[in-house]
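Breakdown of the fold
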Amino acid sequence: MQGETSRKDFIASSKVKELAFEDLKDTISWLQNQEETPEASEVEKIAAGGIIACLQDVIDAFKENQEVDRVVGDWKFVPRVVRELQKYKEKVGTDAVLKQELYEHALTCKHIYEKEFERVEKSEPLRKKLKKDVQIDGNEDYDSEKTEIMTDDEGSDSDATVELNEEELKRTSWYKEVFHLPSVLLLSV
């Protein structure tokens, strides 16, 4: 498989924008299907934060030349953009130039996602479309073929100790509880 891909094969920016909205919608639906769900006023923010944190974990794995599968395995919910990046990582193989380009592409994807989430947050028509698509009232429009839920509950061992004050703990508790994250991963949120 190695050598079968090039930078031109990476996800187009227009497709990344589409994926951002779809991933946000799917993540909100997934959150609403959990036993404990965030308050309706917070669900969009929590979903966006979880997606960005997952993307950052993959970016860090690319940067540190770690196995992406292991990082992705720590998440209960994996956004589509992360799965796409994971596929490209497998195709890139050991090509150092393509690895660097994939890392840069992942950074670009994260930047686009942040901008799209900011745009959704500020645009009432987009927020209404999101709420309509997800049907926040509880009748979710959940497409299991688009969304992969990771069921590996092995967790992650870490030697790193992270100290959080009470405010940080409250802010990050949903990410850890809902997305099954080790505490050390919450620093990038």
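Heads up: these notes are all about the structure in this document.

Cut-offs used in this document
Residues numbered from 1 in each chain as written. Predicted model: local features only at pLDDT ≥ 70, side-chain atom pairs only at ≥ 80, totals over all residues. Heavy atoms only, no water. Core = buried A, V, L, I, M, F, W, Y, C linked by side-chain atoms within 4.5 Å. Buried < 20%, exposed > 50% of the residue type's maximum accessible area, 1.4 Å probe, protein only. Helix = DSSP H or I, 4+ residues; strand = E, 2+ residues; numbered from the N terminus. Contact = heavy atoms within 4.5 Å. Arc of directions from axis to C-beta. Phe/Tyr/Trp six-rings, centres within 6.5 Å; stacked < 30°, edge-to-face > 60°.

Glancing now at the nonpolar core. Leu-24, Phe-62, Val-81, Val-82, Leu-85, Tyr-113 and Phe-117 are the most contacted members of the largest nonpolar core, which has 46 residues in total. Taken together, the elements giving at least two residues each to this core come down to helix 1 (13-32), helix 2 (40-63), helix 3 (68-73), strand 1 (77-78), helix 4 (80-92), helix 5 (96-122) and helix 6 (124-134). When sequence neighbours within four positions are dropped, the list of residues in contact with Phe-117 reads Ala-20, Leu-24, Ala-48, Ile-51 and Ile-52.

Burial in helix 6 covers these residues: Leu-126, Leu-130, Asp-133 and Val-134. Viewed along the axis of helix 6, the buried residues span an arc of 90 degrees, placing them on a single side of the element. For helix 6, the exposed residues lying more than 90 degrees away from the buried face are Pro-125, Lys-128 and Lys-132. Contacts made by the buried residues of helix 6 are with helix 1, helix 2 and helix 5.

Summed over the entire model, instances satisfying the criterion amount to 3 aromatic pairs. Aromatic pair Phe-10 and Tyr-88: ring centres 5.3 Å apart, planes at 70 degrees, arrangement edge-to-face. In this pair, Phe-10 is assigned in the segment before helix 1 and Tyr-88 in helix 4, connecting sequence segments 78 residues apart. A single burial state applies to Phe-10 and to Tyr-88, both of which are buried. Note on Trp-30 and Phe-77: the rings are 5.2 Å apart at their centroids and 40 degrees apart in plane angle, and the pair reads as tilted. Here Trp-30 is found in helix 1, whereas its partner Phe-77 is found in strand 1, with 47 residues between them in sequence. For the pair shown, Trp-30 and Phe-77 are each scored as buried.

The next subject is the environment of Asp-9. By the element assignment, Asp-9 lies in the segment before helix 1. Looking at Asp-9, the relative accessible area reads 31%, which means it is partly exposed. Spatially, the C-alpha atom of Asp-9 lies 8.6 Å from that of Tyr-88, the residues being 79 residues apart in sequence.

Purely geometric stuff here, so don't read any function into it on its own.
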